[in-house]
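# Observations on chain architecture
In case you want the letters, here they are:
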Amino acid sequence: MTIAFPIAEPDETARETGRLMFAGPVEFLKGVVAMEGLPPADRMEVCFAGRSNVGKSSLINALTGRKALARASNTPGRTQEINYFTAGGSHYLVDLPGYGYAEAPVAVVAKWQRLLKSYLGGRQTLRRAFVLVDMRHGIKPVDEEILTLLDRSAVTFEVVLTKADKVKAADREKTLAQVRAALQKHPAAYPEIVVTSSEKGDGIETLRAIIATMA
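Residues numbered from 1 in each chain as written. Predicted model: local features only at pLDDT ≥ 70, side-chain atom pairs only at ≥ 80, totals over all residues. Heavy atoms only, no water.

## Topic: the packing of helix 3 (residues 106-122) against helix 4 (residues 141-152)
Under the convention used in this document: All axes are obtained by fitting lines to C-alpha atoms, using only the stretch in contact for helices, and the reported angles, taken between N-to-C directions, cover 0 to 180 degrees. Each helix is a run of H or I in the DSSP string that is no shorter than four residues. Each strand is a run of E no shorter than two, and both are numbered from the N terminus. Crossing handedness: left-handed means the near helix sits turned counterclockwise from the far one by under a right angle, and right-handed means the same turn made clockwise. Two residues form a contact once any of their heavy atoms are found within 4.5 Å. Basically, the charged four are Asp, Glu, Lys and Arg, the nonpolar ten are Ala, Val, Leu, Ile, Met, Phe, Trp, Tyr, Cys and Pro, and anything else, Gly included, counts as polar.
Viewed as axis vectors pointing N to C, helix 3 and helix 4 meet at an angle of 35 degrees, and their least axial separation amounts to 9 Å. Of the two possible hands of crossing, helix 3 and helix 4 adopt the one that is right-handed. On helix 4, the residues that touch Leu116, Lys117 and Leu120 of helix 3 are Ile146, Leu149 and Leu150. Here the contact of helix 3 with helix 4 is composed, by residue class, of five nonpolar, no polar and one charged.

Here you go:
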């Protein structure tokens, strides 16, 4: 069976719920380098994963309406921790280390990978992973690795296409077709796609609505 993977379009009620949630307090809680450092699993959490330079920090800043909540960096692999943020008193937003970095030492990469696997496989309050994919490039082999890991960990994930403002309309459709085809083989894929531009604000309300109304 082929899944359509339409672009997510929350209704106005969901959008308002998202607006209200992110209008409330959103704060950095802590950076974690080992599983024992995770905060209590006392609320719903969602995580954000993506290869280095995909625009993850910029997206989190746009999502929360805080310009410097997540640190953006031009150095791939700079974020070496799992960073926790509290949102609306009811959610954790979790910024995972970027993957696909070429310049980090092998031992460092191996440590990050172990931490990532432990987190994804052992966090019961994790409701969904948002996997960020650059709309200029689509899903690459390094993305397939994380998607397969999410399948094996039985963690539902939703693809968020970033930097949509940098892609022409015709090329957008090509990327969407490539992403939809790639997702067919991943059982953990949530059957919608979010298209965003942190610079223009596209898709930010949609993502807020999805997070705020998640069961």
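## Some thoughts on the nonpolar core
Note the following rule: Nine residue types can take part in a nonpolar core, namely buried Ala, Val, Leu, Ile, Met, Phe, Trp, Tyr and Cys, and a core is a set of them joined through side-chain atoms within 4.5 Å. When accessible area is computed with a 1.4 Å probe and restricted to protein chains, residues below 20% of their type maximum are described as buried, those above 50% as exposed, and intermediate ones as partly exposed.
Tyr119, Leu120, Phe157 and Leu183 are the most contacted members of the largest nonpolar core, which has 39 residues in total. Leaving out residues up to four positions away in the same chain, Tyr119 has contacts with Met35, Leu38, Glu45, Cys47, Ile82, Tyr84, Val94, Leu96 and Leu126.

## Structural notes on unusual backbone geometry
One non-glycine residue with positive phi stands out, namely Asn53, at about 70 degrees. Turning to its location among the elements, Asn53 is positioned in the loop between strand 2 (44-50) and helix 2 (56-64). We note that Lys163 has phi near 60 degrees; this positive angle belongs to a residue other than glycine.

## Description of the side chain of Glu144
For clarity, the cut-off: Pairs of N or O atoms within 3.5 Å make up the polar contacts considered here, provided that, within protein, one atom can donate a hydrogen while the other can accept it, and that residues adjacent in sequence are counted only when both atoms are side-chain atoms.
Looking at the secondary structure, you find Glu144 in helix 4. Among the polar contacts made by the side chain of Glu144, one reaches the side chain of His186 at a distance of 2.7 Å. What Glu144 contacts, discounting residues up to four positions off in sequence, is Ile139, Ala182, Lys185 and His186.

## Remarks on the packing of aromatic side chains
The following threshold applies: Pairing of aromatic rings covers Phe, Tyr and Trp, the last counted by its six-membered ring, and requires centre-to-centre distances within 6.5 Å; plane angles under 30 degrees mean stacked, over 60 mean edge-to-face, and any other angle means tilted. Only lysine NZ and arginine CZ atoms are considered, and such an atom sits over a ring when it is within 6 Å of the ring centre and within 35 degrees of the ring normal.
This model, assessed by the stated rule, comprises three aromatic pairs. Ring geometry for Tyr84 and Tyr92: centres 5.2 Å apart, planes at 85 degrees, overall edge-to-face. Both residues of the pair, Tyr84 and Tyr92, belong to the buried class. For the cation-ring pair, Arg43 lies above Tyr92, with the distance from its terminal atom to the ring centre recorded as 4.5 Å. Over the aromatic face of Tyr190 sits the side chain of Arg128, whose NZ or CZ is 3.8 Å from the ring centroid.

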